[in-house]
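Geometric and topological summary
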Amino acid sequence: MKGSTLLPPILENLTLPLISSPLFAISYPELVVAQCKAGVVGSFPALNAREPDTLDDWIHSINAQLAAVRRETPNATVGPYAVNQIIHTSNTRAERDIQTCIDLQVPILITSLRPPERTLIDAVHAYGGLVLHDVINLRHAKKAIDAGVDGLILVAAGAGGHAGTLSPFAFVAEVRKIFDGIIVLGGAIATGESIFAARALGADLAYVGTRFIASREANAKDAYKSALVEAQASDIIYTDAFTGVHGNYIRRSIVAAGLDPEALPESAGAKIDFSASEGQQIKAWRDIWGAGQGVGSVDEVESVSEIVAKLRAEYRGARARMIG
């Protein structure tokens, strides 16, 4: 099945049309390398490397490991990787981190919040890289298109962490009317069938995050992974109480923090003051666990290679049923 767009060579010949979403505090080099070795696009947020020099070390390490795989098994399908950059005045490292990625020729940059400057895009294009920008509505999509990005990541309803509210059916259709570049769709995609459905809607690739948190390579607590296995879509709470921006979180982690999921503040920009929690040392980014509505498809903690193999089998099954 062909995508809606003629994909650039860097995104051709993947084992699945899948980009692993960058997971804050979870996507470390071990996970990224495993994803690439499985033949999909691995990714991580630049800010996961707690210091700028660490980012440099991580990129060198990922490059070296993937080069070794390609050298030792030349017929293997090895996916490229992406680094997520938060473009906002609050990210004081942004300029330095972006320059590091450009200097080391990171294959794909995923930008968030504000669209990237044309100078950034041109610098990435100069070495053959791509720039993708994530958006939650059509207004943001238009701004990114005007900026000249190669692709849009549509974060639709049901995605883990900070997510939009638009149905993927509506979102993809509206964006495809005005954009013939790469479209990546995210939002409760946790099976091969849902990856196939994303393609049928007009997206070129799927954006998968929650499914990989429940992997052995993910830098997440065992309790977090177990919570994903046990959760259903009804256990996902959509709120802006923790960061001031609406996102999806696992009910169990909210309860464990001593909070009532049914009585969280809902005003725009609200943020719970965890410092007022008597006898507790709670951190929103560490103890409140993000997850998408696709958690009901997470049945066990597996290796990345096992997860991708299952997704591939499901994808092929869905394609065969539709074509047959």
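These numbers come from a predicted model, not from an experiment. (Residues numbered from 1 in each chain as written. Predicted model: local features only at pLDDT ≥ 70, side-chain atom pairs only at ≥ 80, totals over all residues. Heavy atoms only, no water.)

1. Points about helix H6 (residues 168–178)
Considered for burial, the residues of H6 that qualify are Phe171, Val172 and Val175. For H6, the arc enclosing every buried residue in end-on projection is 90 degrees, short of the 170-degree limit, so these residues lie on one face. Opposite its buried face, H6 presents the exposed residues Phe169 and Lys177, each directed more than 90 degrees away. In this structure, the buried residues of H6 make contact with strand S5 (130–135), helix H5 (138–147), strand S6 (151–155), strand S8 (182–186) and helix H7 (192–201). Between the side-chain oxygen of the N-cap and the backbone nitrogen of Phe169 there are 3.1 Å, and the N-cap of H6 in question is Ser167. (Buried < 20%, exposed > 50% of the residue type's maximum accessible area, 1.4 Å probe, protein only. Helix = DSSP H or I, 4+ residues; strand = E, 2+ residues; numbered from the N terminus. Arc of directions from axis to C-beta. Contact = heavy atoms within 4.5 Å. Polar contact = N/O pair within 3.5 Å; in protein donor to acceptor, adjacent residues only side chain to side chain.)

2. Describing the sheet that holds strand S4 (residues 108–113)
Note: strands within a sheet are paired through backbone hydrogen bonds, in either parallel or antiparallel orientation. Taken in spatial order, the 8 strands line up as S1-S9-S8-S6-S5-S4-S3-S2 in an open sheet, and their pairing is parallel. The two strands at the open ends of the sheet, each matched to only one other strand, are strand S1 (18–20) and strand S2 (42–45). Neighbouring strand axes in the sheet, compared pairwise and without regard to direction, differ in orientation by 25 degrees on average. One ladder, built from 4 bridges, connects S4 with S5; its direction is parallel. Counted as the bridge partner of Thr111 is His133 from S5. This element, H7, spans S1, S8 and strand S9 (205–208) of the sheet and lies at about 135 degrees to S9. (Pairing = 2+ DSSP bridges. Axes fitted to C-alpha atoms, helices over the stretch in contact; angles between N-to-C directions.)

3. A few points about the packing of helix H1 (residues 29–37) against helix H2 (residues 52–72)
The geometry of a pair of packed helices is captured by two quantities: the angle between their axes and the separation between those axes. Relative to each other, H1 and H2 sit at 30 degrees, their axes nearing to 10 Å. When the interaxial angle is binned, H1 and H2 end up roughly parallel. Regarding H1 and H2, the two cross each other, and that crossing is right-handed. Contact with H1, carried on its side by Pro29, Val32, Val33, Cys36 and Lys37, involves Trp58, Ile62, Gln65, Leu66 and Val69 of H2 and no other residues of that element. Of the residues that constitute the contact of H1 with H2, the class distribution is 8 nonpolar, 1 polar and 1 charged. (Parallel < 35°, antiparallel > 145°, perpendicular 65-115°, else oblique. Left-handed = near helix turned anticlockwise from the far one by under 90°. Nonpolar A, V, L, I, M, F, W, Y, C, P; charged D, E, K, R; others polar.)

4. A word on the packing of aromatic side chains
Any pair of aromatic rings gets described here by the distance separating the centres and the angle formed by the planes. Enumeration over the complete set of coordinates arrives at 5 aromatic pairs. Relative to Tyr315, the ring of Phe196 lies with its centre 5.7 Å away and its plane at 70 degrees, an arrangement referred to as edge-to-face. Of this pair, Phe196 sits in helix H7 while Tyr315 sits in helix H12 (residues 304–323); the two residues are 119 residues apart in sequence, bridging distant segments of the chain. One aromatic cluster is present, built from ring pairs that chain together Tyr28, Phe44 and Trp58. (Phe/Tyr/Trp six-rings, centres within 6.5 Å; stacked < 30°, edge-to-face > 60°.)

5. Observations regarding unusual backbone geometry
The residue Asn13 is not glycine, and still its phi comes out positive at about 65 degrees. Looking at where Asn13 falls in the secondary structure, it is placed in the segment before S1. Of the residues examined, Asn13 reaches a relative accessible area of 68% and is grouped as exposed.

6. Brief notes about the nonpolar core
In this structure, Tyr81, Leu152, Leu154 and Leu228 are the most contacted members of the largest nonpolar core, which totals 75 residues. With sequence-adjacent residues up to four places away left out, Tyr81 is seen in contact with Val32, Cys36, Val41, Gly42, Ile59, Ile62, Asn63, Leu66, Val106, Pro107 and Ile108. Counting 17 residues, the second-largest nonpolar core is a separate cluster that includes Val41, Ala163, Ile182 and Tyr207. (Core = buried A, V, L, I, M, F, W, Y, C linked by side-chain atoms within 4.5 Å.)

7. A word on the sheet that holds strand S10 (residues 236–239)
Pairing is antiparallel in the open sheet, where 3 strands are placed in the order S7-S11-S10. For this open sheet the edge positions go to strand S7 (161–162) and S10, each flanked by a neighbour on one side alone. Pairing of S7 with strand S11 (residues 247–250) involves 2 bridges; the strand directions are antiparallel. Following the sheet pairing, Gly161 is matched in S11 by Asn248.

That is the geometry; function is a separate question.
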